[in-house]
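Overview (structure and organization)
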Amino acid sequence: MIAAIVFAATVFAVNQGSIAFVTFPDQAGVKSMELHWSDKKIPVVHTENKWETVVGIDLDIKAGDHDAEVDVTYNDGKVEKRPIVFSVGSVKFPTTELTVDDQFVRLSPANQQRAARETKELEKIYATLTPEILWSKPFRSPIPGQTKGSNFGHRRVFNGQPRAPHSGADLKASTGTPIHATNRGRVVLAKNLFFTGNTVVLDHGLGIYTIYAHLSRIDVKVGQTVEESQLLGLAGATGRVTGPHLHWAARIQDARVDPFSLLSIQ
Ligand SMILES: [Zn+2]
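Overview of the structure.

1. Comments concerning the overall build of the chain
Looking only at helices and strands, the chain has two helices and 20 strands in total. The globule rule puts the C-alpha radius of gyration for 266 residues at 18 Å, and the 20 Å found for the chain is close to it. Viewed in the frame of its principal axes, the chain has a C-alpha envelope of about 65 × 45 × 35 Å. Going through the 266 residues of the chain one by one, you find that 45% of them count as buried. Considering only contacts in the chain between residues 6 or more positions apart, those separated by 24 or more positions represent 70%. Taking the average place of the 29 positive charges on the side chains of the chain and the average place of its 27 negative ones, the gap between the two points comes to 5 Å.

2. What to know about the layout of surface pockets
Space inside the largest pocket adds up to approximately 1,600 Å³. Lining the largest pocket are 37 residues, and of these Arg-156, Ala-164, His-166, Phe-195 and Thr-196 lie nearest its centre. Mapped by element, the contributors of at least two residues to the lining of the largest pocket are helix H1 (102–105), helix H2 (109–126), strand S9 (155–158), strand S15 (208–215) and strand S19 (246–252). The residue inventory of the lining of the largest pocket, partitioned by class, reads 16 nonpolar, 13 polar and eight charged. The computed volume of the second largest pocket comes to approximately 160 Å³. Residues of the lining of the second largest pocket, tallied by class, amount to three nonpolar, three polar and four charged.

3. Regarding the coordination of the zinc ion
Around the zinc ion, the protein contributes the donor atoms His-166 (NE2), Asp-170 (OD) and His-247 (ND1), at 2.1 Å from the metal centre. Sequence positions of the donors to the zinc ion reduce to the motif H-x3-D-x76-H. Looking at His-166, the relative accessible area reads 21%, which means it is partly exposed. Exposure remark for Asp-170: the relative accessible area of 14% places this residue in the buried category.

4. Digging into the pairing of S19
The buried count for S19 comes to seven of seven residues, which makes it a mostly enclosed element. Of the two faces of S19, both are covered, the one formed by Leu-246, Trp-248, Ala-250 and Ile-252 as well as the one formed by His-247, Ala-249 and Arg-251. Across four bridges, the pairing between strand S11 (residues 168–171) and S19 is antiparallel. Paired with Gly-168 across the strands is Ala-249, a residue of S19. With six bridges joining them, S15 and S19 adopt antiparallel strand pairing. Bridge pairing in S19 links Ile-208 to Ile-252. With three bridges joining them, S19 and strand S20 (residues 255–257) adopt antiparallel strand pairing. Note that in S20 the partner of Arg-251 across the bridge is Arg-256. The turn joining S19 and S20, which pair antiparallel and follow one another in sequence, is formed by two residues; a positive phi near 50 degrees is taken by Gln-253.

5. Quick notes on the packing of aromatic side chains
Given two aromatic rings, one states the distance between the centres and the angle between the planes to describe the pair. The final tally for this structure, using the stated rule, is eight aromatic pairs. The residue whose ring lies beneath Lys-78 is Tyr-74, and the NZ or CZ to ring-centre distance is 4.9 Å. Above the ring of Phe-24, the side-chain terminus of Arg-82 is found at 5.6 Å from the ring centroid.

6. A look at the sheet that holds strand S16 (residues 217–218)
Sheet architecture is open: three strands sit in the order S12-S18-S16, paired in antiparallel fashion. In this open sheet, the two edge strands, each paired with only one partner strand, are strand S12 (178–180) and S16. The pairing of S12 with strand S18 (residues 231–234) spans three bridges and is antiparallel. Of the residues in S18, the one forming a bridge with Ile-179 is Gly-233.

7. Comments concerning the environment of Ala-110
With respect to the helices and strands, Ala-110 occurs in helix H2. Between the C-alpha atoms of Ala-110 and Thr-73, which are 37 residues apart in sequence, the distance is 51 Å.

8. Some thoughts on the side chain of Thr-199
Tracing the chain through its elements places Thr-199 in strand S14 (residues 197–205). On the accessibility criterion, Thr-199 (1% relative accessible area) is buried. Reaching out from Thr-199, the side chain makes a polar contact with the backbone oxygen of Gly-197 at a distance of 2.7 Å. Those residues within four positions of Thr-199 in sequence are excluded, and the remaining contacts are Leu-189, Ala-190, Lys-191, Leu-193, Ile-211, Tyr-212, Ala-213 and Ile-218.

The rules behind each value
Position numbers for residues start from 1 in each chain and track the written sequence from start to end. Restriction of local features to residues with pLDDT of at least 70 applies here, the model being predicted, together with a cutoff of 80 or more for giving and counting side-chain atom pairs; totals for whole chains, interfaces and linings are based on all residues. To get the side-chain values, take all heavy atoms of the structure and skip hydrogens and water. Each helix is a run of DSSP H or I of at least 4 residues and each strand a run of E of at least 2, with the numbering of both proceeding from the N terminus. Radius of gyration means the value over C-alpha atoms here, while the globule rule gives 2.2 Å times the residue count to the 0.38 power. For the exposure calls, accessible area comes from a 1.4 Å probe over protein chains only, and a residue counts as buried if that area is under 20% of its type's maximum, exposed if over 50%, partly exposed in between. We call two residues contacting when some pair of their heavy atoms lies within 4.5 Å. Only four residue types enter the tally: Lys and Arg on the positive side, Asp and Glu on the negative side; His and the chain ends are excluded. Lysine's charge is taken at NZ, arginine's at CZ, aspartate's at CG and glutamate's at CD. Note on definitions: the grid is 1 Å and covers protein atoms alone; a cavity is a set of points where a 1.4 Å probe fits but cannot get out; a pocket is an open set with protein on both sides within 12 Å along at least five of seven lines; lining residues have an atom within 4 Å of a point. Grid points are joined across faces, edges and corners, and a volume is the space filled by probe spheres set on the points. Three classes are used: nonpolar for Ala, Val, Leu, Ile, Met, Phe, Trp, Tyr, Cys and Pro, charged for Asp, Glu, Lys and Arg, and polar for all others, with Gly counted as polar. As a rule, N, O and S atoms within 2.8 Å of a metal are its donors, except that Na, K and Ca use 3.2 Å; water is not among the atoms, so sites may look incomplete. A pair of strands is treated as paired once DSSP finds two or more bridges between them. Ring geometry is summarised as follows: Phe, Tyr and Trp rings, the Trp one being its six-membered ring, pair when their centres sit within 6.5 Å, and such pairs are stacked at plane angles under 30 degrees, edge-to-face over 60 and tilted between the two. In this scheme, Lys NZ or Arg CZ marks a charge over a ring once it lies within 6 Å of the ring centre and within 35 degrees of the ring normal. In protein, a polar contact means a hydrogen-donor-capable atom and an acceptor-capable atom, both N or O and within 3.5 Å, with residues adjacent in sequence counting only if both atoms are side-chain atoms; elsewhere, any N or O pair within 3.5 Å suffices.

And the structure:
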């Protein structure tokens, strides 16, 4: 029998639509670390006594093992490649099939154009990775006391046509309820959008964005840095909604994740 020498991969067990909080102990002589996964290069940041990063696991990613690696660069220039595995568990998100009059789902050409333009604008934001940690832990619910939402990952099929899954969590909120920043970050969008109404997007660094939608009032401006719990605006029912609530979402390196999974970062 021939024994092969293999470097055991570190396994991170995660679920579809959640996050992997990846940490490595402090190590002498290490200059930098970077996590490589599919087409993504995610910085691993040195904090007080460890190296850490957050990886978004999209709600639609295939369940099973996904190989990744961390490139560790030493002060002498040597690079070591550490294998890691994201072991992704499948989550059964609910599906609702609806038959509706076409006029309720078809947009006017003008609205279609506007929505497409805004989608592009958001895609550009989510594709940008700020290579530093802007947050100051821990993350908190934007409505103090509400520790879970509903509808994350919910798939709706209109007249046999599947729509994009619901990529955020809906929190109960009447119009005028104060909405707070989940953590420290920079305001990268603060305006009215076709689907999500008055919307605020915060950049927390390392590709982590949080989104607050359907607001009745926006109290922050693009470029401004907000602190954890700072007032962003008031809940409302702007955009394509049937009633007031807060739609809270998170994009992490463009992956759609349940925003409440951020609360597990410590
Ligand atoms: Zn929603």
